[in-house]
Protein chains: 2
Amino acid sequence: MSRYVISLGGNALGKTADEQKRLLVHVAKAIYPLIEMNHDIVIVHGNGPQVGMINLAFSESSSTPDMPFPECGAMSQGYIGYHIQNAIYNMMQQRHQVRPISTVVTQVLVDEKDLAFKHLTKPIGSFYSEIEAQALEKSQGYTMVEDSGRGYRRVIASPKPIDIIEKESISRLLEHQHIVIAAGGGGIPVVIREGHLVGIDAVIDKDYASAKMAEIIKADELIILTAVDHVYLDFNKPSQRALKKVTVAELKEYLKDEHFKKGSMLPKIEAAIAFVESTHKPAVIASLEFASEAFKQMSGTVIMP
Amino acid sequence: MSRYVISLGGNALGKTADEQKRLLVHVAKAIYPLIEMNHDIVIVHGNGPQVGMINLAFSESSSTPDMPFPECGAMSQGYIGYHIQNAIYNMMQQRHQVRPISTVVTQVLVDEKDLAFKHLTKPIGSFYSEIEAQALEKSQGYTMVEDSGRGYRRVIASPKPIDIIEKESISRLLEHQHIVIAAGGGGIPVVIREGHLVGIDAVIDKDYASAKMAEIIKADELIILTAVDHVYLDFNKPSQRALKKVTVAELKEYLKDEHFKKGSMLPKIEAAIAFVESTHKPAVIASLEFASEAFKQMSGTVIMP
């Protein structure tokens, strides 16, 4: 019996509650092989589209207050966590192998001195005109940037995760063979101010959070499920080639040569390297579609120490 | 060391994220005596104003889809749970006694044959004009009723809780002396259809859910915290008198005489009776303000077998 952290992209979850429920039936099927073999499992999901939707609903609605980002993240953990635990529970019932499963609302500690708070990079929420953007900069203190010709968006920090506040609850549940959904959306970002945990406007990359989770709960393997079946060199070029097995040292060379796209494959690779380097255990980046093969390291890109 | 379920009203949590955070500092202080004495604690919170706000944000916003009620409930569990676990964590840090605390996203089973689904009683969400209400009845299949002269509102079922799906996760955490926040808003209501758990538009009363929780996790006492310091007979009349200690048999006589207000004190009393009758343990209905006295049964109304 091994211990796995599975990182699941928010884009795999659709745009509405109904779509999310339908898509999660496939996700549940895809990860069922690990459940069936009684492995310890923590699922960390993304929440990009969902947290944006929640934030937008509050900002567009005229009778509700604006909702700060940490609270939107907490809402997304409830919303997505409920659907994941429901889908996997139903899948297990159908196959007569029921293990307890639940979602732990998770705060993730970041450092207010993280350079990410000086250099804001993560665009979130709605698009605004230049004039609206300037008004928001003045009234709310937001930093607004032009985003790919589509208008202005708020950017917030994307700091590195340092610790998982609810790690003991997650560990205790794992010890009892419960399946745990945690650190959804990378976790609710909190910093320490005067000895208190305080929510902060930021987005923690869910792959980094998965790597930190895998390190803390002493996972045997980190599995990052995404839309492509392998990590590719020269992606989308005629010279494109899939990586099957690769060492951290090799991967670092490819990193230097800028093979991987920022905001897409790059954070997954950096997260995988962080886990493999700190634990000397393997990480796999694979597609959700071929997850069952990836669990046997027969699909995807296996990253070795 | 005893095991407690604390039921906390959604009205004690304010209308905005900031207000909720401020108010929860007081809640954390109020229940700290139980934490300090190392008792097992499950906190079940209400979500009336919060789930209404979430539902309204999505229905008013023009670019987001409408959000079904079970999903709004799940979001409210993340939102409120995060703030409660954060507030209590900070309180414990300050007093140098740290116990793990976390929120478990909780589905609560109800029966689709519950008469509540025939006789819808729970008004939720925004107010509409008569014409808008008729349009919604046609287009969405909603049941709309006139609410106290303020306009038309959707009504949904308020069925009784039968089981708590995540009870094993909650129990395991309690065994390890973790503080658990669960079944927020009465839980996400689910029914069984063709062997599957399916979310359903309904609101489970959080006091009934607390009583069911207390029964399932074998609590020694159910504590319902509210805005009044006792249960009163002839409430708001010159003959008003507080109940200090009362047996279930006595309370049932008062129920017959219609001493208690529907949608307010009545569900608390019915929930307390349900717990005391099924377990032969006491329940206390008390004010948040005098919680520490209530924990010693020195304030509030103690309901005995």
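Residues numbered from 1 in each chain as written. Chains lettered and ligands numbered in written order. Predicted model: local features only at pLDDT ≥ 70, side-chain atom pairs only at ≥ 80, totals over all residues. Heavy atoms only, no water.

### Examining the environment of A:Gly186
All names here are of chain A. We count it as follows: Note on conventions: DSSP H or I runs of at least 4 residues are helices, E runs of at least 2 residues are strands, and numbering of each starts at the N terminus. Relative accessibility decides the category of a residue: with a 1.4 Å probe and only protein chains considered, values under 20% of the type maximum give buried, values over 50% give exposed, and everything between is partly exposed. Residues count as neighbours in contact if any of their non-hydrogen atoms are within 4.5 Å of one another.
Summarising the element assignment, Gly186 is placed in the loop between β9 (179-182) and β10 (188-193). Using a relative accessible area of 0% as the deciding quantity, one classes Gly186 as buried. Apart from the residues lying within four places of it in its own chain, the contact partners of Gly186 are His45, Val108, Ile204, Asp205, Lys206 and Ala209.

### Section: the pattern of salt bridges
This is how it is decided: One speaks of a salt bridge when a side-chain nitrogen belonging to Lys or Arg is within 4 Å of a carboxyl oxygen belonging to Asp or Glu.
On inspection of all chains with the given rule, the structure shows 30 salt bridges over all chains. Here B:Lys256 and B:Glu253 are joined by a salt bridge, their closest N and O atoms 3.4 Å apart. In this pair, B:Lys256 and B:Glu253 are both assigned in helix α7 (residues 248-256), three residues apart and thus about one turn of the helix distant. For B:Lys256, a relative accessible area of 62% gives the class exposed. By relative accessible area, B:Glu253 is classed as partly exposed at 44%. Via salt bridges that share partners, A:Asp147, A:Arg150 and A:Arg153 belong to a single interconnected network.

### Some words on the interface of chain B and chain A
Heads up, the rule is: Once two parts are put together, the accessible area they lose, assessed with a 1.4 Å probe and summed over both, is termed the buried area. Pairing of N or O atoms within 3.5 Å defines a polar contact, subject to two protein rules: one partner must be a possible hydrogen donor and the other a possible acceptor, and residues neighboring in sequence count only if both atoms are side-chain atoms. We call Asp, Glu, Lys and Arg charged. Ala, Val, Leu, Ile, Met, Phe, Trp, Tyr, Cys and Pro are nonpolar, and the rest, Gly among them, are polar.
Listed per partner, the contact involves 54 residues of chain B and 55 residues of chain A. Across the chain B to chain A interface the summed buried area is about 4200 Å²; carbon plus sulfur atoms make up 63%. At the surface where chain B touches chain A, the tally comes to two salt bridges. The partner of B:Lys21 in a salt bridge is A:Glu71, and the shortest N-O contact between them spans 3.9 Å. Our enumeration of links across chain B and chain A arrives at 25 residue pairs in polar contact (both at pLDDT 80 or more). Those elements giving two or more residues to the side of chain B that touches chain A turn out to be α1 (17-36), α2 (48-60), α3 (69-94), β3 (101-104), α5 (167-175), β10 (188-193) and β11 (196-199) of chain B. Element by element, the count of residues in the side of chain B that touches chain A is highest for α3(B), at 14 residues. Classifying every residue of the side of chain B that touches chain A gives 24 nonpolar, 22 polar and eight charged.

### Comments concerning the relation of the copies chain B and chain A
Between the two copies of this chain, the relationship is a rotation about some axis together with a displacement along it. Spelled out, the test is: The least-squares superposition of copies is restricted to C-alpha atoms, and to residues with a pLDDT of at least 70 in both copies.
Once chain B has been moved 0.0 Å along the axis and rotated by 180°, it coincides with chain A to within an RMSD of 0.0 Å. What the superposition gives is, in effect, a two-fold axis relating one chain to the other. Taken together, the interface assignments show that 100% of the residues at the interface of chain B recur at the interface of chain A, consistent with an identical surface on both copies.

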